[in-house]
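Coordinates in review
Now for the letters of each chain:
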Amino acid sequence: MATDVTANFSAQSQVTTAQASSKVSASQAKKIAKINANLSKNQKAAKKWIAKHESGYSYTARNGNCYGRYQLLKSYLHGDLSPVNQEKTANKYVSGRYGTWTKAKKFWQNHHWY
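Heads up: these notes are all about the structure in this document. (Residues numbered from 1 in each chain as written. Predicted model: local features only at pLDDT ≥ 70, side-chain atom pairs only at ≥ 80, totals over all residues. Heavy atoms only, no water.)

Topic: the side chain of Gln86
Of note, Gln86 is situated in helix H5 (residues 83-97). We classify Gln86 as buried; its relative accessible area is 0%. There is a polar contact of 2.9 Å between the side chain of Gln86 and the backbone nitrogen of Arg69. In terms of polar contacts, Gln86 uses its side chain to reach the backbone carbonyl oxygen of Leu81, at 2.7 Å. Not counting the four nearest positions on each side in its chain, Gln86 is found in contact with Tyr59, Tyr67, Gly68, Arg69, Tyr70, Leu72, Leu77 and Leu81. (Helix = DSSP H or I, 4+ residues; strand = E, 2+ residues; numbered from the N terminus. Buried < 20%, exposed > 50% of the residue type's maximum accessible area, 1.4 Å probe, protein only. Polar contact = N/O pair within 3.5 Å; in protein donor to acceptor, adjacent residues only side chain to side chain. Contact = heavy atoms within 4.5 Å.)

So this is what it looks like as C-alpha cells:
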C-alpha cells in the first residue's frame, strides 16, 4: 500500500508525474511522519513550499548532481536515495545552514535556490 505524503500538507487537485513520484509505502510514511513530528505548522508549510518549488514534490526528480524532493546534492545522501533519507537529510541540511525551514524559504525567495 502506498501513501501520498503530500496529502498531509494539502490535497492537490491535479495528478502529475511529480505527484506519482511522491508515493511512499505506509512504512516509509510512518518514518517520515516521525522525522517531521518536531516541526511546527509553519516549518512544515515552508518545507512543503520548498519541495514544491524544487521538485514538484517528487522524490525522484533529477537535476545534475541534485536529486529528490529537496534537490539535495547526491553526496549528502551517501548513496541512500530513499524518501526517508531525503527527509532526514533535508532537515539536517536546513537546520545546519539556515536554522529553520522558514529561514530557508526566505533565502530561496530571494535567491531562487537554498
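Points about the packing of aromatic side chains
The final tally for this structure, using the stated rule, is nine aromatic pairs. With 5.6 Å between their ring centres and 50 degrees between their planes, Tyr70 and Trp101 make a pair best called tilted. With a gap of 31 residues between them, Tyr70 in the loop between strand E4 (66-67) and strand E5 (72-73) and Trp101 in helix H6 (residues 101-111) connect regions that are remote in the sequence. The class of Trp101 is buried, set by a relative accessible area of 2%. Arranged with centres 6.3 Å apart and planes meeting at 40 degrees, the rings of Trp101 and Tyr114 form a pair that is tilted. Placement of the pair is Trp101 in helix H6 and Tyr114 in the segment after H6, with a sequence separation of 13 residues. Note on Tyr114: relative accessible area 8%, which makes it buried. (Phe/Tyr/Trp six-rings, centres within 6.5 Å; stacked < 30°, edge-to-face > 60°.)

Some remarks on the nonpolar core
Ile50, Tyr70, Leu72, Val94, Trp101 and Tyr114 are the most contacted members of the largest nonpolar core, which totals 18 residues. If you list the elements that add at least two residues to this core, you get helix H3 (41-55), H5 and H6. Ranked by residues supplied to this core, first place goes to H3 with four residues. Those residues in contact with Trp101 that lie beyond four places of it in its chain are Leu39, Gln43, Ala46, Lys47, Ile50, Tyr70, Ala90, Asn91, Val94 and Tyr114. Counting residues in hydrophobic clusters, the runner-up holds five residues, among them Val24, Ala29, Ile32 and Val84. (Core = buried A, V, L, I, M, F, W, Y, C linked by side-chain atoms within 4.5 Å.)

Description of the sheet that holds strand E3 (residues 62-63)
Read across the open sheet, the three strands follow the order E3-E4-E5; overall the sheet is antiparallel. The open sheet terminates on both sides in strands that have one partner only, identified here as E3 and E5. Of the pairings in the sheet, the one linking E4 to E5 comprises two bridges and is antiparallel in character. Residue pairing in the sheet places Cys66 in a bridge with Leu73 of E5. (Pairing = 2+ DSSP bridges.)

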